[in-house]
Amino acid sequence: MRQSHQLPLVGLLLFSFIPSQLCEICEVSEENYIRLKPLLNTMIQSNYNRGTRAVNVVLSLKLVGIQIQTLMQKMIQQIKYNVKSRLSDVSSGELALIILALGVCRNAEENLIYDYHLIDKLENKFQAEIENMEAHNGTPLTNYYQLSLDVLALCLFNGNYSTAEVVNHFTPENKNYYFGSQFSVDTGAMAVLALTCVKKSLINGQVKADEGSLKNISIYTKSLVEKILSEKKENGLIGNTFSTGEAMQALFVSSDYYNENDWNCQQTLNTVLTEISQGAFSNPNAAAQVLPALMGKTFLDINKDSSCVSASGNFNISADEPITVAPPDSQSYISVNYSVRINETYFTNVTVLNGSVFLSVMEKAQKMNDTMFGFTMEERSWGPYITCIQGLCANDNDRTYWELLSGGKPLSQGAGSYVVRNGENLEVRWSKY
């Protein structure tokens, strides 16, 4: 459990495993801030009907110092509703995000964390994740991305957690870092951020642990960084377009674990800016996830005791005037092929508005034939998550889920963000990871 004892003297040998944690950061120059406007358009103009969808955006904007008063007030009210009315339904990672968003810096909303005992509740949810792992062959209630968020929030906000449990469960070869045989870059990146925070707490004497914990955490971090860099593409993206922002954060805080020529940060930055100009980040959560890294920020910059900064003026954004987005000239329709594959394949052709997302196709197919294409979903901070189709439901303990594909290839975007194209072959497949 978390204690305020000093770290015992462990000798010079142990300190050879402690990097200096000097960050290697590249960020968008002020004269190029205009190239970030599409991200802000997406975040500002989106419809936030559910508080969990607003959390990522609040966290991102506050972290980089963009204060758009009317929008912030609306989203904070939705987060307050979640805190007051449906906290028991919120997953551990979503609660961690709420805490991070409310406590980015010193502000009035920070009091909600303590008024509603959110740290205590996160400790309980985190422990439930650990207990589920012990009972179900290492599988958490949610996933390792959320588990890493839990550790990060507890670490940053002085919550109780067991360093021994972190060391035990965050080994780099753990199956939960993978989907099948594919390493999950964003999961690994969030684990690096969490482990870096824990390590700093150990070094500063905020947490008591045995001599081996600090050494193991450094070894784990180095291995995860190597895995992240192994997913670097020729154009500089890491994993895929949408995992690159969090990978950048992880590499910012772990520069002592790789050589300078292992990663060209400026190339990655330039490629992401090109992706932005081509409309890749049309989902507010995707836009929110990439913005902090582009501004040279990481989640380790969250500090509930520091003053909030303001960068709104640098973007020429009025606090009460939203950025406008030009409406499409006219509405047109496209046709796509849609199928559900379990033991057999159920197929239909669906017509939707041009610019529709995968979820719209599923909803249209459901209206056409609820028996074959009926589904349920949950609204999560990362967007809609497909839970059941034909009554067959995803199960974390069994590591089963509904996989989205196009042309037989898995998609890197979710049902609520992937924009479909005319004539595309879309599939939802019952899968195991």
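Quick caveat: nothing in here was measured; it's all calculated off a predicted structure. (Residues numbered from 1 in each chain as written. Predicted model: local features only at pLDDT ≥ 70, side-chain atom pairs only at ≥ 80, totals over all residues. Heavy atoms only, no water.)

1. A few points about empty space enclosed by the protein
Our working definition: In this analysis the probe radius is 1.4 Å and the grid spacing 1 Å, with only protein atoms considered; a cavity is a set of points the probe fits into but cannot get out of, a pocket is an open set with protein on both sides within 12 Å along at least five of seven lines, and lining residues have an atom within 4 Å of a point. Grid points are joined across faces, edges and corners, and a volume is the space filled by probe spheres set on the points. Numbering of helices and strands runs from the N terminus; a helix is a DSSP stretch of H or I covering at least four residues, while a strand is a stretch of E covering at least two. Asp, Glu, Lys and Arg are counted as charged, while Ala, Val, Leu, Ile, Met, Phe, Trp, Tyr, Cys and Pro are counted as nonpolar; the rest, among them Gly, fall into the polar class.
For the coordinates displayed, the defined rule picks out 1 cavity of 30 Å³ or more. At the level of secondary structure, the elements contributing two or more residues to the lining of the largest cavity comprise α12 (244-252) and α14 (284-294). Counting residues per element, the lining of the largest cavity draws most heavily on α14, which supplies 3 residues. A per-class count over the lining of the largest cavity returns 4 nonpolar, 3 polar and 1 charged.

2. Considering the packing of helix α2 (residues 37-45) against α14
Spelled out, the test is: Lines fitted to the C-alpha atoms define the axes, with helices restricted to the stretch that makes contact. Angles between their N-to-C directions range from 0 to 180 degrees. Relative orientations are named as follows: roughly parallel for angles under 35 degrees, roughly antiparallel for angles over 145 degrees, roughly perpendicular for angles from 65 to 115 degrees, and oblique for any other angle. The sense of a crossing depends on the near helix, which, turned anticlockwise from the far helix by less than a right angle, makes the crossing left-handed and, turned clockwise, makes it right-handed. Residue contacts are defined here by distance: any two heavy atoms, one from each residue, within 4.5 Å place the two residues in contact.
Between α2 and α14, the least distance of the axes is 9 Å, while the angle of their chain directions is 135 degrees. Put simply, α2 runs oblique to α14. The interaxial crossing formed by α2 with α14 has left-handed handedness. Residue-level inspection shows Leu39, Leu40, Thr42 and Met43 of α2 in contact with α14, the latter providing Pro284, Ala287, Ala288, Val290, Leu291 and Leu294. Here the contact of α2 with α14 is composed, by residue class, of 9 nonpolar, 1 polar and no charged.

3. Let's talk about the nonpolar core
Rules: Take the buried Ala, Val, Leu, Ile, Met, Phe, Trp, Tyr and Cys residues and link them wherever side-chain atoms come within 4.5 Å; each set so joined is a nonpolar core. Burial classes: relative accessible area under 20% of the type maximum marks a residue as buried, over 50% as exposed, and values in between as partly exposed (1.4 Å probe, protein chains only).
In terms of nonpolar packing, the biggest core is built from 110 residues, with Leu36, Leu39, Phe281 and Leu291 touching the most fellow members. If you tally residues by element for this core, the top one is helix α10 (residues 185-203), at 11 residues. Listed in part, the 24 residues of the second largest apolar core include Val336, Ala365, Leu404 and Tyr418.

4. Here's the deal with the sheet that holds strand β8 (residues 400-406)
As a reminder of what qualifies: Strand pairing is assigned whenever DSSP identifies at least 2 bridges connecting the two strands.
With respect to topology, 5 strands assemble into an open sheet ordered β4-β3-β10-β8-β9, the strand pairing being mixed. Looking along the sheet, the strands with just one partner apiece sit at the ends: β4 (345-353) and β9 (409-410). Across the sheet, helix α15 (residues 358-368) is in contact with β3 (333-341), β4, β8 and β10 (425-432); its angle to β4 comes to roughly 115 degrees.

5. So, the state of the cysteines
By definition, a disulfide links the sulfur atoms of two cysteine residues through a covalent bond. Applicable threshold: Throughout, a disulfide means two cysteine sulfur atoms within 2.5 Å of one another.
All told, the structure shown has 4 disulfides when counted by the stated rule. Residue Cys388 pairs covalently with Cys393 via a disulfide, S to S 1.9 Å. On the sign convention where negative means left-handed, the S-S torsion of about 105 degrees between Cys388 and Cys393 marks this disulfide as right-handed. Note on Cys393: relative accessible area 36%, which makes it partly exposed. With its disulfide-bonded cysteines labelled consecutively along the sequence, the chain is connected as 1-5, 2-6, 3-4, 7-8.

6. A short note on the packing of α10 against helix α11 (residues 211-230)
The angle between the axes and the distance between the axes are what describe a pair of packed helices. Contact pair α10 / α11: the axes reach a minimum separation of 9 Å and the direction vectors enclose 155 degrees. It follows that α10 is roughly antiparallel to α11 by the angle criterion. Considering only the axes of α10 and α11, their crossing is left-handed. Along the contact surface, α10 presents Val185, Gly188, Ala189, Ala191, Val192, Leu195, Thr196, Val198, Lys199, Leu202 and Ile203, while α11 presents Leu214, Ile217, Ser218, Tyr220, Thr221, Leu224, Val225 and Ile228. Residue composition of the contact of α10 with α11, by class: 14 nonpolar, 4 polar and 1 charged.

7. Regarding the confidence of the model for the chain
Residues shown with low pLDDT carry predicted positions that ought not to be read at fine detail. This is how it is decided: A residue's pLDDT is the predictor's confidence in that residue, given on a scale from 0 to 100.
For the chain, the average pLDDT comes to 85, and 86% of its residues sit at 70 or higher. The model gives residues 1-22 a pLDDT under 50, and that stretch makes 55 contacts with residues more than four places away or in other chains. Counted against residues more than four places away or in other chains, residues 318-330, with its pLDDT under 50, gives 19 contacts.

8. Digging into the packing of aromatic side chains
Aromatic ring pairs are reported here in terms of the distance separating the ring centres and the angle at which the planes meet. Short version of the rule: Each pair of aromatic rings taken from Phe, Tyr and Trp, with Trp reduced to its six-membered ring, is defined by centres within 6.5 Å and is described as stacked if the planes are under 30 degrees apart, edge-to-face if over 60, and tilted in the remaining cases.
Scanning the entire structure with this criterion turns up 12 aromatic pairs. Geometrically, the ring pair formed by Phe242 and Phe281 is edge-to-face, given 5.6 Å between the ring centres and 75 degrees between the ring planes. Taken together, the residues Phe242 in the loop between α11 and α12 and Phe281 in the loop between α13 (265-277) and α14 connect sequence positions 39 residues apart. As far as the burial class goes, Phe242 and Phe281 line up, both buried. Between Trp402 and Trp430 the ring centres are 5.0 Å apart and the planes differ by 55 degrees, which places this aromatic pair in the tilted class. With Trp402 in strand β8 and Trp430 in strand β10, this pair connects stretches of sequence that are 28 residues apart. Among the aromatic residues, those joined into a cluster by ring pairs are Tyr144, Phe170, Tyr177, Tyr178 and Phe183.

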